[in-house]
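Examination of the molecular architecture
One-letter residues, chain by chain:
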Amino acid sequence: MVVTGTEMRVRELAQHLFDLVTHFCLIAPRGRRRRGSLKEVEFLTLSLLHHHKTLIVGDIQRQLGILPAQMSRIIRSLETRDPPLIVCRINPHDKRKIDVALTPEGMAAFQDYQSAQLGGISNLLSKLSEEDLDDLQRLLNKLHDVVGPPALG
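Summary of the structure given here. Because the structure is a prediction, the values reported are computed rather than measured.

Right, let's talk about the environment of A101 for a bit. By the element assignment, A101 lies in strand β3 (residues 98-102). Here the alpha-carbon distance between A101 and L46, two residues 55 residues apart in the chain, equals 8.7 Å. When neighbours within four sequence positions are excluded, A101 is seen to be in contact with L49, K53, T54, L85, I86 and V87.

Pasting the structure below:
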């Protein structure tokens with residue numbers, strides 16, 4: 001298969017974007033995880049619930065791409081905190097399924113984790129000119145339109 005110039009450019013841009021996202025993740029405040037602080041996969045679970053309000057456990061697991069046993073540990077961890085960050089209920093339409101939703105404390109934990117991550121990214125972006133920020137905003141809007149909100153299935 002012959003790779004065209006456009007395909008090669010797209011691959012190079014994808015690699016550059018991946019490297020940048022990785023760098024953003026690495027510069028985010030991390031340090032030693034404090035007792036009770038969120039693991040990244042727990043934050044991702046809360047993020048999905050933030051976007052979808054209520055989800056079935058299996059849908060969360062598939063979206064995260066993890067094994068059922070891992071999902072069970074995550075659900076248990078978030079549900080047994082004091083105070084609980086999620087609440088689980090039997091799905092009224094299918095008793096074999098479990099619905100999961102954020103508690104008010106779960107929403108606060110989601111927002112706290114997100115704020116800490118945004119601080120580091122904001123510090124980097126503050127070094128860009130207004131024109132560069134406008135360009136970035138335009139491109140991010142286009143990417144958001146392509147990607148859309150977190151989907152299930």
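Scanning the model with the defined rule gives two aromatic pairs in all. Ring geometry for F43 versus F110: centroids 5.3 Å apart, planes at 5 degrees, classification stacked. Here F43 is found in helix α2 (residues 40-52), whereas its partner F110 is found in helix α5 (residues 104-125), with 67 residues between them in sequence. A single burial state applies to F43 and to F110, both of which are buried. With a centroid separation of 4.4 Å and 20 degrees between ring planes, the pair formed by F43 and Y113 is classed as stacked. Highlighted residues: F43 in helix α2 and Y113 in helix α5, separated in sequence by 70 residues. Exposure class is identical for F43 and Y113. Each is buried. Here the aromatic cluster, defined as three or more aromatic residues joined through ring pairs, consists of F43, F110 and Y113.

With that out of the way, let us pick up the pairing of β3. Burial within β3 is extensive, with four of its five residues counted as buried. Pairing geometry for strand β1 (residues 54-56) and β3, over three bridges, is antiparallel. Within the sheet, the bridge partner assigned to L55 lies in β3 and is V100. Here strand β2 (residues 86-90) runs beside β3; their pairing, made up of five bridges, is antiparallel. For V87, the partnering residue across the bridge sits in β3 and is A101.

Our next topic: the nonpolar core. If you look at the biggest cluster of nonpolar residues, it comprises 19 residues, and the most contacted ones within it are L38, L46, L49, I60, L78 and I86. Discounting residues that sit within four places of it in the chain, L78 has contacts with L38, E42, T45, L46, P84, L85 and I86.

Moving on: the sheet that holds β3. In spatial order, the strands read β1-β3-β2; together these three strands make up an open sheet with antiparallel pairing. The outermost strands of the open sheet, each flanked by one partner alone, are β1 and β2. Across the sheet, the mean angle separating the axes of adjacent strands is 30 degrees when strand polarity is ignored.

Turning our eyes to something else, we now look at the environment of Q63. Looking at the element boundaries, Q63 is found in helix α3 (residues 57-64). For Q63, a relative accessible area of 32% puts it in the partly exposed group. Spatially, the C-alpha atom of Q63 lies 9.7 Å from that of L44, the residues being 19 residues apart in sequence.

Throughout the structure, instances matching the rule amount to four salt bridges. For the salt bridge of E42 with R81, the shortest nitrogen-to-oxygen distance reads 2.8 Å. Residue E42 is found in helix α2, and its partner R81 is found in the loop between α4 (68-79) and β2; the two are separated by 39 residues along the sequence. Per residue, the accessibility class of E42 equals that of R81, and both read buried. Connected via shared salt-bridge partners are D94, R96 and K97.

Calculation rules
- For every chain, the first residue of the written sequence is number 1, and numbering continues from 1 onward in sequence order.
- It should be noted that, the model being predicted, local features are given only for residues of pLDDT at least 70 and side-chain atom pairs only at 80 or more, the latter also being counted only at that level, while totals for whole chains, interfaces and linings use all residues.
- Note that the side-chain values use all heavy atoms of the structure and ignore hydrogens as well as water.
- Strands are runs of DSSP state E lasting at least two residues, helices are runs of H or I lasting at least four, and both sets are numbered from the N terminus onward.
- Contacts are assigned to residue pairs that have any heavy atoms within 4.5 Å of one another.
- When two rings of Phe, Tyr or Trp (its six-membered ring) have centres within 6.5 Å they constitute a pair, described as stacked for plane angles under 30 degrees, edge-to-face for angles over 60, and tilted for the intermediate range.
- Three exposure classes are used, based on accessible area relative to the maximum for each residue type with a 1.4 Å probe and protein chains only: buried under 20%, partly exposed in between, and exposed over 50%.
- When DSSP finds two or more bridges between a pair of strands, those strands are recorded as paired.
- Residues enter a nonpolar core if they are buried and are Ala, Val, Leu, Ile, Met, Phe, Trp, Tyr or Cys, with the set joined through side-chain atoms within 4.5 Å.
- A fitted line through C-alpha atoms represents every axis, and for helices the fit uses only the stretch in contact; the resulting angles, taken between N-to-C directions, go from 0 to 180 degrees.
- Criterion for a salt bridge: a side-chain nitrogen of Lys or Arg within 4 Å of a carboxyl oxygen of Asp or Glu.

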